[in-house]
Amino acid sequence: MKTPPKLSSLIDKAVFDYNLIEKGDRILVGASGGKDSTALIKYLSDRVRRPVRDDASDTSFEYKALFIKSDFAPDFPEGIADLFHQWNVPFEKLNVNVLERVKPGQKMSCWWCSTQRRTELLNYAIKNGYNKIALGHHMDDLLETLLMNMLNKGEFASMPPKLKYEKYPVSIIRPLIYVSEERLIETAKNEGYAGFTCTCNYQDNSERKEARRKLEELTSSSQTKKERLFASMRNIQPLYLV
């Protein structure tokens, strides 16, 4: 039986394929305390210490983890903060009042909270000279988004591994795109940081949960089929499309 590649190797491949990390980058990482962002931050903490062999392999960079604390969500898990300290991760918390930004007649939701936290990440990056924001979206997230856009919007679109803002000097990068959620769950258990999830009172991910259910049904929960579905986004055959 073929041994699966190391988690770091999968992330390395994504970084290489899409040129996600370059020499001189200053990367701001969105830290939630969950398994996805924690795995990404562990990777960056290891990679930043890699010895540089020559100029061609020099991708020296800086990074910082930032936790956006909303006014109603739990604080950052102490256990993860302790791990960050062990890994020498530069880490900061930023309090944001999300509820007061909700407009009259508008419903508070996960989407709204996520949008506000993303805005704060962008503002912090611009203010403090970070040129990239790293997010912990993995392969399953991209596939779920693909299904949501196809079924609800009639668009063949997902979340790109690298997205340059048109109006701001910042790019979004997603180094975990080749990593399955199953692999991240396994890693979190092995590394001792599994178990933290958002527990706020405004959770309403029904659309994404439904997309997740459909993805598992479509692929029979097969990782091989998920990888083929993922590969289809890079193997477009225009001649056979409308």
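See above for the structure.
Since we're looking at a predicted model, the values are computed, not measured.

A closer look at the pairing of strand β2 (residues 61–70)
Remember that side chains alternate between the two faces of the sheet whenever the strand is regular.
Next up, step 1: Extensive coverage of β2 is indicated by the burial of 9 of its 10 residues.
Next up, step 2: Across 6 bridges, strand β1 (residues 25–30) lies against β2 in parallel orientation. Residue pairing in the sheet places Ile27 in a bridge with Tyr63 of β2.
Next up, step 3: Bridging between β2 and strand β3 (residues 91–96) involves 6 bridges; their strand directions are parallel. Residue pairing for β3: Ser70 is matched across the bridge by Val96.

Examining the sheet that holds strand β6 (residues 171–173)
Next up, step 1: Read from one edge of the open sheet, 6 strands run β3-β2-β1-β4-β6-β5, paired in mixed fashion. Of all the strands in the sheet, the pair left with one neighbour each is β3 and β5 (162–164). Each strand axis lies, on average, 25° off the axis of its neighbour in the sheet, ignoring direction.
Next up, step 2: Across 3 bridges, β1 lies against strand β4 (residues 132–134) in parallel orientation.

Re the environment of Leu184
Next up, step 1: Mapped onto the elements, Leu184 comes out in helix α6 (residues 181–191).
Next up, step 2: Taking the C-alpha atoms as reference points, Leu184 and Leu218, 34 residues apart in sequence, are found 21 Å from one another.
Next up, step 3: Dropping the residues within four chain positions of it, Leu184 is found in contact with Leu7, Lys35, Asp36, Ala39, His138, Leu176 and Val179.

Some words on the pattern of salt bridges
Next up, step 1: All told, the structure shown has 20 salt bridges when counted by the stated rule.
Next up, step 2: Where Asp12 meets Arg50, a salt bridge forms, and the shortest distance between an N and an O atom there is 3.0 Å. Remark: Arg50 occurs in the loop between α2 (35–47) and β2 and Asp12 occurs in helix α1 (residues 7–18); sequence separation between them is 38 residues.
Next up, step 3: A salt bridge links Glu181 to Lys35; the nearest nitrogen and oxygen atoms lie 3.2 Å apart. Placement of the pair is Glu181 in helix α6 and Lys35 in helix α2, with a sequence separation of 146 residues. The burial state of Glu181 is the same as that of Lys35; both residues are buried.
Next up, step 4: Here the salt bridges do not stand alone but share partners, grouping Glu22, Asp25, Lys132 and Lys162 into one network.

Calculation criteria
Residues numbered from 1 in each chain as written. Predicted model: local features only at pLDDT ≥ 70, side-chain atom pairs only at ≥ 80, totals over all residues. Heavy atoms only, no water. Buried < 20%, exposed > 50% of the residue type's maximum accessible area, 1.4 Å probe, protein only. Helix = DSSP H or I, 4+ residues; strand = E, 2+ residues; numbered from the N terminus. Pairing = 2+ DSSP bridges. Axes fitted to C-alpha atoms, helices over the stretch in contact; angles between N-to-C directions. Contact = heavy atoms within 4.5 Å. Salt bridge = Lys/Arg side-chain N within 4 Å of Asp/Glu carboxyl O.

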